[in-house]
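# Working through the structure, step by step
What follows is the residue order along each chain.
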Amino acid sequence: MAAVTSKSAPLIGVAHFSAILLSPIEFAKAAARAGFSRIGLRLNPAFPGAPYYELPVGGSAARELKAVLAGEGIEVFDIEFFVIDPSFDASSVEATVAAAANIGARRLSVCGDDPDQARLASNFSDLCGLADRYGLAVDVENMGWRVIKTFQDSVNLVKASGARNAGALVDGVHFFRNGGTLASLRTEIGRVRHVQLCDVTGPAPVTPEEMITEARGGRFAPGEGELPLKELVAAVDSSAAISVEVPLAGSAPPETHLKHLYDRAEELFGPDR
């Protein structure tokens, strides 16, 4: 069963990328026992060769996962990861969207990587329409090496789509490393539905290769770097879901890593925040 958590803590989730080698069932169990209330799952590859898992509707894996979720008292919040590039076709991912809805997910996470802004907005809108038919929403995450590089780029894409279920995802690394400020966040707070906590230290990377290296292997647990994460969570207050995304590096057991992430994230919500 899930661990007992502090009454002062909000519902905190954890992204699958934090322990991606665990299957969805193993990840749900480990996350619940670490204290998390929600999980994200990687049901679509974030880049060629990236690990992901399939949970087709009607399959035994999905049924077993739903039983585990109920037993552990944890829920699926978001599903990753869709790259809206020039070749993207929303209809091609419908099976994954259906699988997401089937296990109770609420949102999909995407990034934008098409230099044709009109086509990007159109394809994003198509995905939002597909997601809406399954009762899901869609969040855009900015990344420095993608076309949608900044938080403002994400907001602009959300606005251009005209989709009622579109939002922006604020990831600590991508947000602050690419010019995001708490002031800019506050002006668009109504469009932010999901915040992922992680930390970094040192100067911001410059090249795309350096950005990717930091994002995929250079993150620290919340509070162990230099980002103003307490101020970030205070700025969004209860208007956005909070989760943690810090990939496991080194030889620590995944369960130990997840418990450490939960404990550090919970500290951000203490009385002195």
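Residues numbered from 1 in each chain as written. Predicted model: local features only at pLDDT ≥ 70, side-chain atom pairs only at ≥ 80, totals over all residues. Heavy atoms only, no water.

- Looking at an unreviewed UniProt entry, one finds the chain named Sugar phosphate isomerase and attributed to Rhizobium esperanzae.

## Some thoughts on the overall build of the chain
- Summing up its helical and strand segments, the chain has ten helices and eight strands in all.
- Taken over C-alpha atoms, the radius of gyration comes to 17 Å for the chain, in line with the 19 Å a tight globule of 273 residues would show.
- Each principal axis of the C-alpha atoms in the chain carries an extent, and together these give about 45 × 45 × 35 Å.
- Each of the 273 residues in the chain was classed as buried or not, and the buried ones make up 55%.
- Excluding contacts between residues fewer than 6 apart, the proportion of contacts in the chain whose partners are at least 24 apart in sequence is 80%.
- Within the structure as shown, the chain displays about 11,200 Å² of accessible surface, and the carbon and sulfur contribution to it stands at 53%.
- Within the chain, one finds 25 positive and 34 negative side-chain charges whose respective centroids are separated by 5 Å. (Helix = DSSP H or I, 4+ residues; strand = E, 2+ residues; numbered from the N terminus. Rg over C-alpha atoms; globule rule 2.2 N^0.38 Å. Buried < 20%, exposed > 50% of the residue type's maximum accessible area, 1.4 Å probe, protein only. Contact = heavy atoms within 4.5 Å. Areas by Shrake-Rupley, 256 points an atom, 1.4 Å probe, with all protein chains shown as cover. Lys, Arg positive; Asp, Glu negative; His and termini not counted. Charge placed at Lys NZ, Arg CZ, Asp CG, Glu CD.)

## Quick look at helix α2 (residues 60-72)
- Here α2 is 13 residues long and its end C-alpha atoms lie 18 Å apart, about the 18 Å a rise of 1.5 Å per residue gives.
- Taken together, the buried residues of α2 touch α1 (24-34), β2 (38-42), β3 (75-84) and α3 (94-102).
- One or two positions beyond α2, positive phi appears at Gly73, with a value near 70°. (Expected span 1.5 Å × (residues − 1).)

## Considerations on the UniProt feature "domain: Xylose isomerase-like TIM barrel" (unreviewed entry) in the chain
- In this numbering, the UniProt entry assigns the feature "domain: Xylose isomerase-like TIM barrel" (unreviewed entry) to residues 29-256.
- Taken end to end, residues 29-256 comprises 39% helix and 18% strand; its first and last C-alpha atoms sit 13 Å apart. (UniProt positions renumbered as here; feature names shortened; annotations may be inferred.)

## Quick look at the sheet that holds β2
- Ordered by their spatial adjacency, eight strands build a closed barrel running β1-β2-β3-β4-β5-β6-β7-β8, and the pairing between neighbours is parallel. Sheet twist, expressed as the average angle between the axes of neighbouring strands with direction ignored, equals 30°.
- Across five bridges, β2 lies against β3 in parallel orientation. Opposite Gly40, over in β3, you have Asp78 as the bridge partner. (Pairing = 2+ DSSP bridges. Axes fitted to C-alpha atoms, helices over the stretch in contact; angles between N-to-C directions.)

## Comments concerning the side chain of His16
- For His16, the location among the structural elements is in the loop between β1 (12-14) and α1.
- Its relative accessible area of 1% is what places His16 among the buried residues.
- Apart from residues lying up to four places away in sequence, His16 is in contact with Leu22, Ser23, Pro24, Phe27, Gly40, Leu41, Arg42 and Tyr53.

## With respect to the pattern of salt bridges
- The tally for this structure, following the rule as stated, stands at 16 salt bridges.
- We note a salt bridge from Glu245 to Arg219, for which the minimum N-O separation is 3.5 Å. Of the two residues, Glu245 sits in the loop between β8 (241-244) and α10 (254-267) while Arg219 sits in the loop between α8 (208-217) and α9 (229-236), which places them 26 residues apart along the sequence.
- Residue Glu245 is classed as buried on the basis of its relative accessible area of 4%. (Salt bridge = Lys/Arg side-chain N within 4 Å of Asp/Glu carboxyl O.)

## Focus on α10
- The end-to-end C-alpha distance of α10, which contains 14 residues, comes to 20 Å, matching closely the 20 Å that a straight helix rising 1.5 Å per residue would cover.
- Among all positions of α10, only His257, Leu258, Leu261, Tyr262, Ala265 and Glu266 are buried. Down the axis, α10 shows its buried residues gathered within 160° of arc, on one side only.
- Packed against the buried residues of α10 are β1, α1 and β8. (Arc of directions from axis to C-beta.)

## A short note on the packing of aromatic side chains
- In this structure the tally under the stated criterion is three aromatic pairs.
- Note on Phe36 and Tyr262: the rings are 5.2 Å apart at their centroids and 85° apart in plane angle, and the pair reads as edge-to-face. One end of the pair, Phe36, is in the loop between α1 and β2; the other, Tyr262, is in helix α10, and 226 residues separate them in sequence. Tyr262 shares its class with Phe36; the two are buried.
- Among the aromatic residues, those joined into a ring-pair cluster are Phe151, Phe175 and Phe176.
- Note that Arg42 overlies the ring of Phe17, its terminal NZ or CZ placed 5.1 Å from the centroid.
- One cation-aromatic arrangement involves Arg216 over Phe47; the distance from NZ or CZ to the ring centre is 3.7 Å. (Phe/Tyr/Trp six-rings, centres within 6.5 Å; stacked < 30°, edge-to-face > 60°. Lys NZ or Arg CZ within 6 Å of the ring centre and 35° of its normal.)

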